[in-house]
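Summary of structural features
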Number of protein chains: 2
Amino acid sequence: MNTEVTFIPQGTVTTPKGFMAGAAYAGINKHARFNLDVAILRSDVPTNTVGVFTTNKIKAASVLLCQKILPSATVRGIVVNSGCANASTGEYGQADAQNMGAAAAANVGVAMSDMLVASTGVIGRRLPLDLINTAISQINLSAEGGFEMAKAIMTTDTKPKHCAVSTGNFTIGGTVKGAGMMHPNMATLLGFITTDAPVELTFLQTSLKAVAEKSFNMISVDGDTSPNDSLFLFSNGMAGGDIIHTDSPHAAIFQQALETLCIYLAKEIARDGEGATRLIEVAVHGAQSHDDASKVVHTIISSPLVKTAVHGCDPNWGRIVVAAGRSGATLVEGDLDLDIAGIAIMRKGVPLPFDMKRLSNELSREQVRIEINLNLGSYSATGWGCDLSKEYVSINADYTT
Amino acid sequence: MNTEVTFIPQGTVTTPKGFMAGAAYAGINKHARFNLDVAILRSDVPTNTVGVFTTNKIKAASVLLCQKILPSATVRGIVVNSGCANASTGEYGQADAQNMGAAAAANVGVAMSDMLVASTGVIGRRLPLDLINTAISQINLSAEGGFEMAKAIMTTDTKPKHCAVSTGNFTIGGTVKGAGMMHPNMATLLGFITTDAPVELTFLQTSLKAVAEKSFNMISVDGDTSPNDSLFLFSNGMAGGDIIHTDSPHAAIFQQALETLCIYLAKEIARDGEGATRLIEVAVHGAQSHDDASKVVHTIISSPLVKTAVHGCDPNWGRIVVAAGRSGATLVEGDLDLDIAGIAIMRKGVPLPFDMKRLSNELSREQVRIEINLNLGSYSATGWGCDLSKEYVSINADYTT
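Residues numbered from 1 in each chain as written. Chains lettered and ligands numbered in written order. Predicted model: local features only at pLDDT ≥ 70, side-chain atom pairs only at ≥ 80, totals over all residues. Heavy atoms only, no water.

What to know about the overall build of chain A
Where we set the bar: Helix and strand definitions here come from DSSP, where helices need a minimum of 4 consecutive H or I residues and strands a minimum of 2 consecutive E residues; each element is numbered from the N-terminal end. Think of it in three bands: with a 1.4 Å probe and only protein chains considered, a residue is buried below 20% of the maximum accessible area for its type, exposed above 50%, and partly exposed in between. The method behind every accessible area is Shrake-Rupley, applied with a 1.4 Å probe, and residues are considered shielded solely by the protein chains displayed. Asp and Glu are treated as the negative residues and Lys and Arg as the positive ones, with His and the ends of the chain left uncounted. Charged groups are reduced to one reference atom each: NZ for lysine, CZ for arginine, CG for aspartic acid, CD for glutamic acid.
Each helix and strand counted, chain A has 11 helices and 15 strands in total. With the C-alpha coordinates of chain A rotated into their principal frame, the extents come out at 65 × 55 × 35 Å. Put simply, chain A has 401 residues, and 63% of those count as buried. Approximately 13000 Å² of chain A is accessible, and the part contributed by carbon and sulfur atoms is 50%. Here chain A contributes 30 positive and 37 negative side-chain charges, whose respective centroids are spaced 4 Å apart.

Here is the structure:
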């Protein structure tokens, strides 16, 4: 049995065996950088498919539709559009989502009930079904279509995000779109993961939830949560071999491979947050519980004051300590250790003398690591965010106009 | 008995009888617009004084000091500086705060134990006591000193914030500073309220807490909570008359007057949030509990996506509904009504046709009112925030440099 995970940066959702994809342009996404805004992903055979969805009480029509279908052992694919979220669309939304799914199913020759639907974009507007259906009819699937799909799902993302991992026995591919309105749970707007590993449905769901918790739920761009957040995992079993379940020998390596893929894609999203110029990694150690560690991470990566300070390379480290203080986690000021980019800033609550200029320099690097030790327990958590720039304001001040 | 509350926009903390104040420049606040950064407020006689403080677990030295003293029936005044928060300053902070209080007490002739201390500014730096003590020795108190104090406490505020209210029987004056790092609980960095009404200590504390809940705890600028947040209420009784307690005839009018003053000052803070160009008022009705109504208000006024949309006059109303959806409050999409600036946007979860251009126009006004009815219960809440501009990023990207 192979226990090494190989990372394939050029991998996509069509890298695993038996998946094809394609995309076209309906003209509804004004941000579309590649003139693509509708994509279809299809498996040659039925898949075990599971999903994790937004916790927002306002859910997009596509999310409600998929939640009815999943988990499923018969799903054949998914159709996704960018530019219109089909959320807050009242009674019409559901019918529109179903129609979009039906058109895609007809085009790629599968049953309507086995075609999932996802949308991202402006909230409160109806799907322009005529435009979408025309685009769907133009889509041709191919084994290289994963690249097109990665491009078609982008909104304010500056680059497509995809990769794959392989263990020799099986392959997992993924593509995500992020950029704004991202916050735990779920942090990613849309994520699609495919694998040719034969994975039992319950274990597939457990694995996706556990891995999402450590990856997409540990990033934040702006603290907002979308009604469309959806993460899908399709397993078509075409790599062959024994079914992977909780107790099978491949269970651990499957989860490890999935985690490698998801953490990479989550970091790609944080790095490409709207207006972001750098990635902020926050590691918290010594917490009394995992929940406490996680709270401190989330509060720091979501703090506008920390994010602007990093953006300006301002060595205003006090804001980090104070964000930890308001996180709700158990902590004692006199126990805190803080390091930024490897520079010791505080030990046991006492600020240390340090070279401000050097810190400012370190803050200008592409990736900034903040480490806090609460020195109270043995739990840790790591999360990722980005700096807050004027560009974020520009992007969001005239998103629909 | 007088039951009318008269609003005095030019009032200050020295408008009530028997309060004097003064300020000087220590040179520690580089943002000081009026060359003032240290102020002293003093009552001619001992006051009943209460306070409400930050919920952040990281508390500034001045907060810890005041929490030890309050509530008190002997307090004579407070000394406050801007430019240095004296927070996250380890073991030195407490001693520095005490020294600052002692110097002020000596200068204005009161006991050290009756002089409170407040600070605001950069976190993690020690108070430059020599500079502060020199400034303190230059302070002369006067009955017009309230204006100087309002100026001396400013950091990135663009204008001093103060007012008074009078009932004929007594007067209440207040001054606050806000601008950034403000979020419920407490939303204001520093607030000082004086009254010549004779108010019993327990009722004074109850009143301040209740009113803070409806005013300063209902505003947000950036979701961050300062370790220095403090709101003080000094009652010196010099207006004469019977002691006001829970059951006294003046109890209601005192609370009403205090609420008028605090809501005015809270809105002034929101309006003058860092980089803000307009005030956003959010009113939520029909909630199943006060807590639910309050959660929806807070989530909307804190949402970067709502704030940037208002800034850009972008009629992207979906972001408001979605912020409500992630607030944690009980709500049903199909029950939601939404109005922006008096324009009906959604009824029972269904978007209505409306004039986008008119909405965009309304969003450009100085004050924008957002109203949501959850149609589930009878509880309401109102809160205030501001738009998010590039200027916010500029201000915070190089705060210490």
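There's more to say after this.
Some thoughts on the packing of helix 5 (residues 201-214) of chain B against helix 6 (residues 251-271) of chain B
Residue and element names in this part refer to chain B. Note the threshold: Orientation is described by axes fitted as lines to C-alpha atoms, over the contacting stretch for helices, and by angles from 0 to 180 degrees between their N-to-C directions. Should an angle fall under 35 degrees it is called roughly parallel, over 145 degrees roughly antiparallel, and 65 to 115 degrees roughly perpendicular, with every other angle called oblique. Should the near helix be turned anticlockwise from the far one by less than a right angle, the crossing is left-handed, and should it be turned clockwise, the crossing is right-handed. Contacts between residues were defined by any pair of non-hydrogen atoms, one from each residue, lying within 4.5 Å.
At their nearest, the axes of helix 5 and helix 6 sit 9 Å apart, and the two run at 40 degrees to each other. Judged by the angle between their axes, helix 5 and helix 6 are oblique. Read as a crossing pair, helix 5 and helix 6 show a hand that is right-handed. Between helix 5 and helix 6, the residues in contact are Phe203, Leu204, Thr206, Ser207, Leu208, Ala210, Val211 and Lys214 and Ala251, Phe254, Gln255, Leu258, Glu259, Cys262 and Ile263, respectively.

Concerning the nonpolar core
Note on soluble globular proteins: their nonpolar side chains tend to be buried together. Using the following cut-off: For our purposes a nonpolar core is just a set of buried Ala, Val, Leu, Ile, Met, Phe, Trp, Tyr and Cys residues, chained together by side-chain atoms within 4.5 Å.
Grouped together as the largest cluster of nonpolar side chains are 97 residues, with contacts concentrated most on Phe254(A), Leu338(A), Ile340(A), Ile370(A), Phe192(B) and Phe232(B). If you tally residues by element for this core, the top one is helix 6 (residues 251-271) of chain A, at 11 residues. Residues in contact with Ile370(A), not counting those within four places in the same chain, are Ile280(A), Glu281(A), Val282(A), Ala283(A), Ile300(A), Val306(A), Ile320(A), Leu338(A), Asp339(A) and Ile340(A). Core analysis: the second largest hydrophobic core is formed by 96 residues, Leu190(A), Val50(B), Val199(B) and Val321(B) among them.

Points about the pairing of strand 6 (residues 161-166) of chain B
Consecutive side chains along a regular strand alternate between the two faces of the sheet. Residues and elements named next belong to chain B. Rule in force here: At least two bridges found by DSSP between two strands are what make those strands a pair.
In terms of residue burial, strand 6 counts as a mostly covered element, since 6 of its 6 residues are buried. Residues of strand 6 alternate between two faces, with Lys161, Cys163 and Val165 on one and His162, Ala164 and Ser166 on the opposite face, all of them buried. Of the strand pairs in this sheet, strand 1 (residues 6-8) and strand 6 are connected by 3 bridges, and their pairing is antiparallel. If you follow Phe7 over to strand 6, its bridge partner there is Val165.

Things to note about the sheet that holds strand 12 (residues 343-347) of chain B
Residues and elements named next belong to chain B. Reading across the sheet, the 6 strands line up as 13-12-11-14-10-15 and stay open at both edges, with mixed pairing between neighbours. Lying at the two open borders of the sheet, with one neighbouring strand each, are strand 13 (350-351) and strand 15 (379-386). In this structure, strand 10 (residues 279-287) lies alongside strand 15, joined through 7 bridges in antiparallel fashion. Residue Val282 lies in a different strand from strand 15, and its bridge partner there is Gly383. Sheet contacts for helix 6: strand 10, strand 14 (367-373) and strand 15; angle to strand 15, the most-contacted strand, approximately 45 degrees. On top of the sheet, helix 7 (residues 290-302) reaches strand 10, strand 14 and strand 15; it is set at about 20 degrees to strand 15, its chief contact.

Describing the pairing of strand 10 of chain B
Residues and elements named next belong to chain B. Of all 9 residues in strand 10, 8 are buried, a share of seventy percent or more. As judged from the 7 bridges shared by strand 10 and strand 14, these two strands associate in the parallel manner. Each bridged residue has a counterpart across the sheet, and for His285 the counterpart in strand 14 is Asn373.

A word on the environment of Ile244(A)
All names here are of chain A. Mapping Ile244 onto the fold places it in the loop between strand 9 (230-235) and helix 6. In this structure, the C-alpha to C-alpha distance between Ile244 and Val199, residues 45 residues apart in sequence, is 4.7 Å. What Ile244 contacts, discounting residues up to four positions off in sequence, is Phe170, Ala197, Pro198, Val199, Glu200, Phe203, His250, Ala251 and Phe254.

Remarks on the sheet that holds strand 14 (residues 367-373) of chain A
Residues and elements named next belong to chain A. Strand order in this open sheet of 6 strands is 13-12-11-14-10-15, and the pairing throughout is mixed. If you trace the sheet from one side to the other, it starts and ends with strand 13 (350-351) and strand 15 (379-386), each paired once. Across 4 bridges, strand 11 (residues 337-340) lies against strand 14 in antiparallel orientation. Of the residues in strand 14, the one forming a bridge with Asp337 is Asn373. Each of strand 10 (279-287), strand 14 and strand 15 is contacted by helix 7 (residues 290-302), which is oriented at about 20 degrees to strand 15, the strand it contacts most.

A short note on the packing of aromatic side chains
How two aromatic rings sit relative to each other is set out by the distance from centre to centre and by the angle between their planes. Residue and element names in this part refer to chain A. We apply this condition: Each aromatic pair joins two rings of Phe, Tyr and Trp (for Trp, the six-membered one) with centres within 6.5 Å, and gets the label stacked for planes under 30 degrees apart, edge-to-face for over 60, and tilted for any other angle. Charge-over-ring contacts are defined here by two conditions on Lys NZ or Arg CZ: a distance within 6 Å of the ring centre and an angle within 35 degrees of the ring normal.
Taken as a whole and judged by the stated rule, the model has 12 aromatic pairs over all chains. Here Phe192 and Phe232 contribute two aromatic rings whose centre-to-centre distance is 5.7 Å and whose plane-to-plane angle is 10 degrees, an arrangement assigned as stacked. Of the two residues, Phe192 is situated in strand 8 (residues 190-195) and Phe232 in strand 9; the sequence distance between them amounts to 40 residues. The same class applies to Phe192 as to Phe232, namely buried. Site record: aromatic cluster; members linked through ring pairs are Phe53, Phe192, Phe232 and Phe234. When the ring centre of Phe34 is taken as reference, the NZ or CZ atom of Lys151 above it lies at 5.1 Å.

What is shown is where atoms sit, not what they do.
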